[in-house]
Amino acid sequence: MATLAAAARNAWAISPFGEGIEQYAGMPQHVLVDEPHRQLRRYLSSKPHTKARPVLLVPPQAVSTNCYDLRPGQSLAAHLVSRGHATYVVDYGDMTFADRHMGFEAFIDDIIPAAIRRVSEEHDGAPVDVVAWSLGGTCSLLTAAAHPTLPIASITAFGTPIDYRLIPAVQILRYLDNVLGSNVMTFGTGLMGGVPRQVTRLSFRAMAPIRELKKPLFLAQNILDRETLARTTAIDNFINAMPGYPGRFYHQVHTRLLTRNELATGTVHLTHGRAVRLSSIRTRVLFIGSRTDAIGPGPAVEAGTRSVPGARYVAADGLSHLGLVAGPQAAQLAWTHLDAFLDEV
């Protein structure tokens, strides 16, 4: 009877009517800048930081910042703070139709540089270690390339694909674009002003179809395992909090990165003939990838060592895309590489 009662409680907790297996409010944070699409926060700790350089976490677009603070034991932010790093995060917030004109330029010329400068100022001009995931890594690299005098000590890019030809999941889009043209492929998102959050969430789930199909059975099989249920529901909550992409940004990702593969060539072309060259990056760069990452597989990430001068790559195979920064095995398989990299200087 006790087992049956526990199963019933857990089933209710993970149902749409329940409150969840665990209630995690996230790490305490202090807001330094509270402006649209550029909120800057510092993760608080009862202990003073001991590392000389602060860390800025840069999330991808269309992802909430809880990717870095998913739940206890799966929080990169908590990990960094526990190691003595003063740790900050920039939050883009929700994207609406009104933000449809925001492109790469808004992030690499304004939002991210402003966050880096402010974090540096908070620490008497110390250079900043930038830690980013997925497209957050793309924007961080382009920021460093476009503004080589920024106070950036290093960039660590988790799961940031550079050669899109090496991503099996996007080859159908590349093929269709070749047949139909980019104008046809981006016509719908242009009308909507971007990719709505509902489509973003559906697309993220579609990247792991087996997980989604097996989830009801998986939950039933683990109905008494509260830790497993907590991990699963934390991922669901993360996906359900995803905002959308601004229209212009998505169009640039589709045409410049996915279709023309410009990151792999080392030069990304923006508006008015502007070219941002990865060869202009003057800071240390570490790519961390996984062969089992469906969104940014290891070979596509490792290609960054051929585009960014002096960049290095380390493998954290066995982890998913989100798993690189928030998986239960991330601390052992991925974060140790980040720790070693940040401790080198």
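The structure this text deals with has already been given above.
Model, not experiment: these values are computed from the prediction.

Basis of the calculations
Residues numbered from 1 in each chain as written. Predicted model: local features only at pLDDT ≥ 70, side-chain atom pairs only at ≥ 80, totals over all residues. Heavy atoms only, no water. Axes fitted to C-alpha atoms, helices over the stretch in contact; angles between N-to-C directions. Helix = DSSP H or I, 4+ residues; strand = E, 2+ residues; numbered from the N terminus. Parallel < 35°, antiparallel > 145°, perpendicular 65-115°, else oblique. Contact = heavy atoms within 4.5 Å. Nonpolar A, V, L, I, M, F, W, Y, C, P; charged D, E, K, R; others polar. Phe/Tyr/Trp six-rings, centres within 6.5 Å; stacked < 30°, edge-to-face > 60°. Buried < 20%, exposed > 50% of the residue type's maximum accessible area, 1.4 Å probe, protein only. Core = buried A, V, L, I, M, F, W, Y, C linked by side-chain atoms within 4.5 Å. Pairing = 2+ DSSP bridges.

Trainee: Would you explain the packing of helix H4 (residues 135-146) against helix H11 (residues 247-259) in this entry?
Mentor: A pair of packed helices is characterised by two quantities: the angle between their axes and the separation of those axes. One can describe the packing of H4 onto H11 by two numbers: an axis separation of 13 Å at closest approach and a directional angle of 80 degrees. With respect to H11, the axis of H4 lies roughly perpendicular. Every residue of H11 that contacts H4 at Leu135, Thr138 and Cys139 is listed here: Phe249, Val253 and Leu257. Of the residues assigned to the contact of H4 with H11, the class counts are five nonpolar, one polar and no charged.

Trainee: Explanation requested: the packing of aromatic side chains in the structure shown.
Mentor: Between two aromatic rings, the relevant description is the distance of the centres plus the angle of the planes. Tallied over the entire structure, the rule returns five aromatic pairs. For the pair Tyr245 and Phe249, a centre-to-centre distance of 6.2 Å together with 5 degrees between the ring planes defines the contact as stacked. Judged by centre distance (6.3 Å) and plane angle (50 degrees), the rings of Tyr245 and Tyr250 are tilted. On the accessibility criterion, Tyr245 (22% relative accessible area) is partly exposed. According to the relative accessible area criterion, Tyr250 is partly exposed, its value standing at 22%. Members of the aromatic cluster, each reached through a chain of ring pairs, are Tyr92, Phe104, Phe107, Tyr245, Phe249 and Tyr250.

Trainee: Got a minute to help me understand the environment of Arg174 in this structure?
Mentor: Looking at where Arg174 falls in the secondary structure, it is placed in helix H5 (residues 171-180). Since its relative accessible area comes to 19%, Arg174 is described here as buried. Each residue touching Arg174, except ones within four places of it in the same chain, is listed here: Tyr164, Arg165, Leu258, Thr259 and Asn261.

Trainee: I keep staring at unusual backbone geometry and nothing clicks. Help me out?
Mentor: Negative phi characterises most residues that are not glycine, and trans characterises most peptide bonds. Positive phi, close to 65 degrees, is recorded for His37, a residue that is not glycine. Mapped onto the fold, His37 is located in the loop between strand S1 (29-33) and strand S2 (39-43). Although it is not a glycine, Asn261 adopts a positive phi angle of roughly 55 degrees.

Trainee: So what exactly am I meant to see when it comes to the nonpolar core here?
Mentor: Side chains of nonpolar character tend, in soluble globular proteins, to be buried together. One finds Leu40, Leu56, Phe107 and Phe287 to be the most contacted residues of the largest nonpolar core, which totals 54 residues. With residues up to four places along the chain from it excluded, the contact list for Leu56 reads Leu40, Tyr88, Val89, Val90, Ala115, Ile116, Val119, Val128, Asp129, Val130 and Val131. The next biggest cluster of nonpolar side chains, apart from the first, holds 34 residues, and it includes Met27, Ala77, Phe238 and Phe341.

Trainee: Can you walk me through the sheet that holds strand S5 (residues 128-133) in this structure?
Mentor: Pairing within the open sheet is mixed, and its eight strands lie in the order S1-S2-S4-S3-S5-S6-S11-S12. Every other strand in the sheet has two partners, leaving S1 and strand S12 (312-315) as the edge strands with one partner each. The average undirected angle you get between the axes of adjacent strands in this sheet is 25 degrees. Pairing geometry for strand S3 (residues 55-58) and S5, over four bridges, is parallel. Among the inter-strand pairings, Val55 is bridged to a residue of S5, identified as Asp129. Where helix H16 (residues 330-343) meets the sheet, its contacts fall on S3, S5, strand S6 (152-158), strand S11 (284-289) and S12, and the angle it forms with S6 comes to roughly 165 degrees.

Trainee: I keep staring at the environment of Phe107 and nothing clicks. Help me out?
Mentor: Topologically, Phe107 is positioned in helix H3 (residues 104-122). Among the residues examined, Phe107 registers a relative accessible area of 0% and is labelled buried. With 32 residues separating them along the chain, Phe107 and Cys139 place their C-alpha atoms 6.9 Å apart. Aside from chain neighbours lying at most four places away, what touches Phe107 is Gln61, Tyr92, Met95, Met102, Ile112, Pro113, Cys139, Thr143 and Phe249.

Trainee: Please clarify how the environment of Trp335 should be interpreted in this entry.
Mentor: Residue placement: Trp335 occurs in helix H16. Trp335 sits in the buried class, given a relative accessible area of 3%. When the C-alpha positions of Trp335 and Leu80 are compared, they lie 9.3 Å apart, and in sequence the two are 255 residues distant. Contact partners of Trp335, with chain neighbours within four places excluded, come to Gly73, Gln74, Ser75, Leu76, His79, Phe158, Leu324, Val325 and Ala330.

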